[in-house]
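If you want the building blocks of each chain, they are given just below.
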Amino acid sequence: MSQDLLPPVAPFVTAELVEALSPRLRKRLDAGVAKLAARPVVREGDTVRIAVDDDTELELHVVDGTVTRADAIRCGCLLAPDCLHRAAAASAAPVGASVPPSVSASTPVSSTPSASATASAQDGGPEGAGGPEPTQDETALPARLMAARAVFDAAAAVLDAGADGSGAVLQAELLRAAHTARLAGLPRAAASAVSVVNGVRAARSADPAHRLPELVEALRAVLGVAHRLPTARGPELAELRGTVRQPYIPDGSLRLYGLFSEPVLTATGYAGAVTWTADAEGRLYTVSDVAPGGPGRATGAADRAVRIGDTALTHRELSRAGLAVTGATVSPTGRLGAGAGVRAVRAGGVAWSAEPLDRLWAAPVAEQVARVLQGGHDLLFLDVTLAGTVREATGDCLLADCAGRALRLTTAHQDPALPYRDNLRLLAAARGRRLRIVARLVVGPLPRALLLATEHPADPGARVDLGLDRLQHADLPTPADLSATANLPTPAGAPAEARAADEAPLHLLRRRVHQGVSGGRRVLAFPGGATGDGARLRRVGLGTAADLLDELHAAAADRARDAFGRLLPADTDRFARAWLASAVYTAEAERALCAAAWGADGMEVTVAR
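Reference entry: report on the structure contained in this document.

Criteria and thresholds
Residues numbered from 1 in each chain as written. Predicted model: local features only at pLDDT ≥ 70, side-chain atom pairs only at ≥ 80, totals over all residues. Heavy atoms only, no water. Helix = DSSP H or I, 4+ residues; strand = E, 2+ residues; numbered from the N terminus. Buried < 20%, exposed > 50% of the residue type's maximum accessible area, 1.4 Å probe, protein only. Contact = heavy atoms within 4.5 Å. Areas by Shrake-Rupley, 256 points an atom, 1.4 Å probe, with all protein chains shown as cover. Expected span 1.5 Å × (residues − 1). Bend = angle between axes of the 7 residues up to and from the residue. Pairing = 2+ DSSP bridges. Axes fitted to C-alpha atoms, helices over the stretch in contact; angles between N-to-C directions. Phe/Tyr/Trp six-rings, centres within 6.5 Å; stacked < 30°, edge-to-face > 60°. Polar contact = N/O pair within 3.5 Å; in protein donor to acceptor, adjacent residues only side chain to side chain. Parallel < 35°, antiparallel > 145°, perpendicular 65-115°, else oblique. Left-handed = near helix turned anticlockwise from the far one by under 90°. Nonpolar A, V, L, I, M, F, W, Y, C, P; charged D, E, K, R; others polar. Core = buried A, V, L, I, M, F, W, Y, C linked by side-chain atoms within 4.5 Å. Disulfide = S-S within 2.5 Å.

### Topic: the overall build of the protein chain
In step 1: Each helix and strand counted, the protein chain has 22 helices and 15 strands in total.
In step 2: Residues classed as buried in the protein chain amount to 52% of the 609 residues present.
In step 3: Once local pairs closer than 6 in sequence are excluded, the contacts in the protein chain between residues at least 24 apart make up 67%.
In step 4: For the protein chain, the accessible surface area stands at approximately 26100 Å², while carbon and sulfur atoms represent 53% of it.

### Comments concerning helix α6 (residues 142-165)
Since one α-helical turn is 3.6 residues long, residues separated by three or four positions face the same way.
In step 1: The terminal C-alpha atoms of α6, which comprises 24 residues, lie 32 Å apart, in line with the 34 Å expected from a rise of 1.5 Å per residue.
In step 2: Residue L159 marks the point of greatest curvature in α6, where the axis turns by about 55°.

### Some details on the sheet that holds strand β4 (residues 73-75)
Backbone-to-backbone hydrogen bonds pair the strands of a sheet. The strands run either parallel or antiparallel.
In step 1: The antiparallel open sheet is built from 4 strands, whose spatial order is β1-β2-β3-β4. On the outer flanks of this sheet lie β1 (41-44) and β4, each paired with one strand and no other. Put simply, the sheet's adjacent strands are angled 20° from each other on average, direction ignored.
In step 2: By the bridge criterion, 3 bridges tie strand β3 (residues 57-61) to β4 in an arrangement that is antiparallel. Bridging from a neighbouring strand, E59 pairs with R74 of β4.

### Overview of the environment of V517
In step 1: Tracing the backbone shows V517 in helix α18 (residues 506-519).
In step 2: Put simply, V517 and V200 are 317 residues apart on the chain and 9.4 Å apart in space, counted from C-alpha to C-alpha.
In step 3: Beyond its immediate chain neighbours, meaning those up to four positions away, V517 contacts L159, G162, A163, L212, L215, V216, L219 and W579.

### Comments concerning the sheet that holds strand β8 (residues 322-330)
In step 1: The 5 strands are arranged β7-β6-β5-β8-β9 in an open sheet whose pairing can be described as antiparallel. The open sheet terminates on both sides in strands that have one partner only, identified here as β7 (284-292) and β9 (343-347). Strand-to-strand twist of the sheet, defined as the mean angle between neighbouring strand axes without regard to direction, takes the value 35°.
In step 2: Looking at chain direction, β8 and β9 are connected through 5 bridges and run antiparallel. Following the sheet pairing, A324 is matched in β9 by V345.

### Points about the environment of F260
In step 1: Mapped onto the elements, F260 comes out in strand β5 (residues 249-265).
In step 2: Expressed as a C-alpha distance, the spacing of F260 and V464, which sit 204 residues apart in the sequence, is 8.1 Å.
In step 3: Apart from residues no more than four positions distant in its own chain, F260 is found in contact with V274, T275, W276, S319, L379, V438, L452, A453 and D465.

### Side note on the packing of aromatic side chains
Here the distance between the centres and the angle between the planes together describe a pair of aromatic rings.
In step 1: Summed over all chains, the structure comprises 3 aromatic pairs.
In step 2: Their ring planes at 5° and their centres at 6.2 Å tell us that F260 and W276 sit as a pair that is stacked. Here F260, found in strand β5, pairs with W276, found in strand β6 (residues 270-278); they are 16 residues apart in sequence, far enough to count as distant. Side by side, F260 and W276 carry an identical accessibility label, which is buried.
In step 3: Members of the aromatic cluster, connected to one another through ring pairs, are W352, W361 and F381.

### Some details on the side chain of D533
In step 1: Its place among the elements puts D533 in helix α20 (residues 533-539).
In step 2: Side-chain polar atoms of D533 contact the side chain of R512, separated by 3.4 Å.

### Considerations on the packing of α6 against helix α9 (residues 212-228)
In step 1: Axis separation between α6 and α9 bottoms out at 8 Å; the angle between their running directions is 150°. As judged from the angle between their axes, α6 and α9 are roughly antiparallel. Judged by the sense of rotation from one axis to the other, the crossing of α6 with α9 is left-handed. Residues A148, V151, F152, A155, A156, L159 and A163 of α6 lie in contact with α9, whose contacting residues are L215, L219, V222, L223, A226 and H227.
In step 2: When grouped by side-chain class, the residues that make up the contact of α6 with α9 number 12 nonpolar, 1 polar and no charged.

### Some points on the nonpolar core
In step 1: If you look at the biggest cluster of nonpolar residues, it comprises 59 residues, and the most contacted ones within it are L259, L357, L382 and W598.
In step 2: Setting aside anything within four residues of it in sequence, one finds L259 in contact with W276, T277, A278, L284, S319, W352, L357, L360, W361, F381 and R463.
In step 3: If you look at the next biggest cluster of nonpolar residues, it comprises 50 residues, including A156, A178, A190 and A218.

### Some details on the state of the cysteines
In step 1: Applying the stated criterion across every chain, the model contains 0 disulfides.
In step 2: You can see C75 has no disulfide; the closest cysteine sulfur is in C77, sitting 3.5 Å from it.
In step 3: What makes C75 buried here is its relative accessible area of 15%.

Below you can see the structure in the form of structure tokens.
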């Protein structure tokens, strides 16, 4: 069964179906999900049918693309509606992001919208910004405190079990907590909790797109929001609460120049494309087309017309042309709305080397990195010289010289349906070629970025969207074109520098933080698991990191016994707080190391779109 064929199921539906199961059926739920995944699926309009066996069918009825009621999942077996199949189908389907009818359109939702929020907000419709600005002394309401506590406890249970042990029951508990938080007006916590569930499912299904650091970040976000909210006041409380939709504000007339397009393919079952544009002052704007779908939609969305005004430009064409917009509405992140009052027509584009786009690459690299670390957009506009490949534990990456620094360029997405990986391999053969690129910063102790777009290796006037266009061997420059290049960084010298940075003692704490997410508390509770790590951290002056590591292991191994010698339940709250402290410290330390690696430490910039 392909998950692409299953419709998204609202979180509260999955939670309701799992909660209704008997204890005996709950123990069998994970096996039921695995068994159902092997059964054939047929989709006919708004109805999806799964053949449970030769005589029994399971039906999912979709409304507006999502299953929003428990009775919309029907099974033909003798035990229905109390059977295992309904809960297994809901647990196997993608998590829907629909807001239940009891939540108004102005209720706050996540300040970092998911792909589904991107899709629903493209029309630039009602701007539910979450009510009036809070006073300086305003605190969270009791109902929100209870919802935050429920989210923290459910996320702590997932952390205690680890991704390997967090089956459908624990996922459903976290989805229920997310639903409670959304009803209580805590959409940021709700969205973060759903992100954790998606990450756990990707990890357990060996999804090629799964990245452990992303799951670590999702858990850090949901635990951090739930932990901080009880003591937050005023503006901090409003930030932790979040907003339903990013507000779209009028921005008059815009003259935009296409930069590049990138595919979107998420673990939540959404796919599409986003095209980046810039105005004459260098401010960035995006045009997106994201909806439920799989890799096919991600690759095909580039040839769909953009949803702004009456223009017939496709995303691929817009990335190389321009757009004149009147009555524009723009979100705080630069996303263009597509409301009824917006008008847009095609205009001429310019090369990356011409004004006004050239000014994006004229900004110093350190200044660009400082902007990203201080909350601006995460794109880097770099001039690099390709220098071959470097072997890493996760595979080869492209090495380049960027203003005298050894920069590692990696694939933006690992799905084989997208051409990122193949294009990166071909670019490695153009060693010595100087290119202008667009990349996304990866925060870490080494200069590293995800390569998104580049100038054509043999034609500087053209550009290549690496997630949508496929390079061929004929596109590479000839050896004669590269022979004149001199003074290049040698790939042989860079790995030594990289190994020295990788061996920085901070990785001793980072590794334990990641192990806790993948394997749970029991992995960190092994005796002698951190022998000498704390001492090594203290020897280099990282005393706080050493104390956090010791507390993390102590919390993991803390299992008291009752008067009869039986193990008492583990203190998941202590372990979650110890892990959260270690994760926050690691993230902030890595940001400082990243700034130092790029020469951006201590630099203050004005963050703009």
